[in-house]
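The primary structure of each chain is shown beneath.
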Amino acid sequence: MAGLSRPESEGCRELLGLLDDGDIAALCDTVTGRLVQPDGRQDAIRAILAYSQSVEELLRRKKVHRDIIFKYLASQGVIIPPATEKHNLIQHAKDYWKRQLQLKLKDTPEPVKTSQDIRLFQQQEKEDKKAEKVDFRQLGEEFCHWFFELLNSQNPFLGPPQDEWGPQHFWHDVKLRFYYNTSEQKVIDYHGAEIVSLRLLSLVKEEYLFLSPNLDSCGLKCASSPHGLVMVGVAGTVHRGDTCLGIFEQIFGLIRCPFVENTWKIKFINLRIIGEASLAPGTLMKPAITFEQSDLEAFYSISLSGTKSMT
């Protein structure tokens, strides 16, 4: 759990002070999973800060309204156009706190290094380089947990959504290829963050679907290209209410955002949904990816041109 830096924690404490008591209590319940019963407003704020994995995760919460972030930045002398979108306001806040941390470090006198300090520093450098190696299987699993929890939470049958869904999770030129075989068979392509975001949202918000991924070794496969593109393939079942309608297979292409730390955005998606009537007997028992890791790697070279469908 990464947690918040000192400037982020201090800044978020001031920012949360702008929320009313009801929003603070609701936010505390969401962040802690209702496992913490705070004794008053300040105790709730302490719990929110302690259990937030990152400042971006906290500020993206629905209860942290766009206007609150704007007012906080204005109070700190950070002047931003009033029409600035929430995800951009979050980035401005992170940049501001980063500058505050750099100023504090600059004002702190650097201690004289001994030979032992240098050896420890060199050892730490080696450990840091090892840590930089990404476990793509873990990344894929964490991404799928995040993506499907966020998307499914937009289903009105499940109550109010916990987090904000929108185009900010996608690269602006994202592509979605949607293949479905239910009462009819069709392949449709969608282009652009806004359109792709809305099409995926309509699956759960208007068609009331629930996508349940199978994240064991058969249902999840990951690969990466030398250029930094990470491929995540996942299989699962499709539900509406108490009815299982069929299965799905989905390929995501992820690229790390160079401007936001530890953040990946979706470059393309291939989604295939097959109705139960079109399936071979027994397929529903354990949804599995029907391609191999080598297929994921080969898929990289042609997917961006949109020439391969999931058929």
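The paragraphs below set out a description of the structure included in this document. (Residues numbered from 1 in each chain as written. Predicted model: local features only at pLDDT ≥ 70, side-chain atom pairs only at ≥ 80, totals over all residues. Heavy atoms only, no water.)

Some remarks on the overall build of the protein chain
Secondary structure assignment for the protein chain yields ten helices and seven strands. For the protein chain, with 311 residues in total, the buried portion stands at 41%. If you take every contact in the protein chain between residues at least 6 apart in sequence, the share linking residues at least 24 apart comes to 62%. Here the protein chain has roughly 17,700 Å² of accessible surface; of this, 53% comes from carbon and sulfur atoms. (Helix = DSSP H or I, 4+ residues; strand = E, 2+ residues; numbered from the N terminus. Buried < 20%, exposed > 50% of the residue type's maximum accessible area, 1.4 Å probe, protein only. Contact = heavy atoms within 4.5 Å. Areas by Shrake-Rupley, 256 points an atom, 1.4 Å probe, with all protein chains shown as cover.)

Things to note about the pairing of strand E4 (residues 220–224)
Along a regular strand, successive side chains alternate from one face of the sheet to the other. With four of five residues buried, E4 is to be regarded as a mostly interior element. What sits between the antiparallel neighbours E4 and strand E5 (residues 229–240) is a turn of four residues, in which Gly228 has the positive phi angle 105 degrees. (Pairing = 2+ DSSP bridges.)

Section: helix H2 (residues 21–32)
An α-helical segment advances 3.6 residues per turn. Residues three or four places apart therefore align on the same side. With twelve residues, H2 should cover 16 Å at 1.5 Å per step; its first-to-last C-alpha distance of 16 Å lies within 8% of that length. Those residues of H2 lying buried are Asp23, Ile24, Leu27, Cys28, Val31 and Thr32. Looking straight down H2, one finds its buried side chains confined to an arc of 140 degrees; they lie on one side. Where the residues of H2 are buried, they touch helix H1 (6–16), helix H3 (41–51) and helix H4 (55–59). The N-terminus of H2 is capped by Asp20, whose side-chain oxygen sits 3.2 Å from the backbone nitrogen of Gly22. Downstream of H2 by one or two residues, Gly33 has phi in the positive range, about 65 degrees. (Expected span 1.5 Å × (residues − 1). Arc of directions from axis to C-beta. Polar contact = N/O pair within 3.5 Å; in protein donor to acceptor, adjacent residues only side chain to side chain.)

Describing the pattern of salt bridges
Side chains that differ in charge, positive against negative, can pair when their charged atoms come close. Scanning the model with the defined rule gives 13 salt bridges in all. With a closest N to O distance of 3.7 Å, Asp43 and Arg46 form a salt bridge. Of this pair, Asp43 and Arg46 both sit in helix H3, three residues apart, which is roughly one turn of the helix. Overall, the relative accessible area of 25% leaves Asp43 in the partly exposed class. Arg46 sits in the partly exposed class, given a relative accessible area of 46%. (Salt bridge = Lys/Arg side-chain N within 4 Å of Asp/Glu carboxyl O.)

Observations regarding the packing of H2 against H3
The N-to-C vectors of H2 and H3 enclose an angle of 35 degrees; their axes lie 9 Å apart at closest approach. Relative to H3, H2 is oriented so that their crossing is left-handed. Residue-level inspection shows Asp21, Ile24, Leu27, Cys28, Val31 and Thr32 of H2 in contact with H3, the latter providing Arg41, Ala44, Ile45, Ala47, Ile48 and Tyr51. Tallied by class, residues from the contact of H2 with H3 come to nine nonpolar, one polar and two charged. (Axes fitted to C-alpha atoms, helices over the stretch in contact; angles between N-to-C directions. Left-handed = near helix turned anticlockwise from the far one by under 90°. Nonpolar A, V, L, I, M, F, W, Y, C, P; charged D, E, K, R; others polar.)

Overview of the packing of aromatic side chains
Applying the stated criterion across every chain, the model contains 13 aromatic pairs. When the centroid spacing of 6.2 Å and the interplanar angle of 80 degrees are considered together, the rings of Phe148 and Phe252 count as edge-to-face. Taken as a pair, Phe148 in helix H8 (residues 136–152) and Phe252 in strand E6 (residues 243–256) lie far apart in primary sequence, 104 residues in all. Among the aromatic residues, ring-to-ring pairing joins Phe143, Trp146, Phe147, Phe148, Trp165, Phe170, Phe248 and Phe252 into one connected group. Sitting above the plane of the Trp171 ring, Lys265 keeps its charged end 5.6 Å from the centroid. (Phe/Tyr/Trp six-rings, centres within 6.5 Å; stacked < 30°, edge-to-face > 60°. Lys NZ or Arg CZ within 6 Å of the ring centre and 35° of its normal.)

Some points on unusual backbone geometry
At Tyr208, a position not held by glycine, the phi torsion is positive, near 60 degrees. Note that Tyr208 resides in the loop between helix H9 (193–205) and strand E3 (210–214).

Brief notes about the environment of Pro167
Take Pro167: it is sitting in the loop between H8 and strand E1 (170–181). In this structure Pro167 comes out as partly exposed when scored by relative accessible area, which is 27%. If near-sequence neighbours (up to four positions away) are discounted, Pro167 is found in contact with Ala193, Glu194 and Ser197.

Some details on helix H5 (residues 66–75)
Taken as a whole, H5 has its buried residues at Ile68, Ile69, Tyr72 and Leu73. All buried residues of H5 lie within an arc of 130 degrees about the axis, which places them on one face of the element. For H5, the exposed residues lying more than 90 degrees away from the buried face are Lys71 and Ser75. Phi for Gly77, located one or two positions after H5, is positive at around 85 degrees.

Brief notes about the environment of Glu10
By secondary structure assignment, the location of Glu10 is in helix H1. Residue class for Glu10 comes out partly exposed when judged on its relative accessible area of 37%. The sequence separation of Glu10 and Leu49 amounts to 39 residues, and the corresponding C-alpha distance is 9.4 Å.

Any functional reading would require information beyond the geometric quantities listed.
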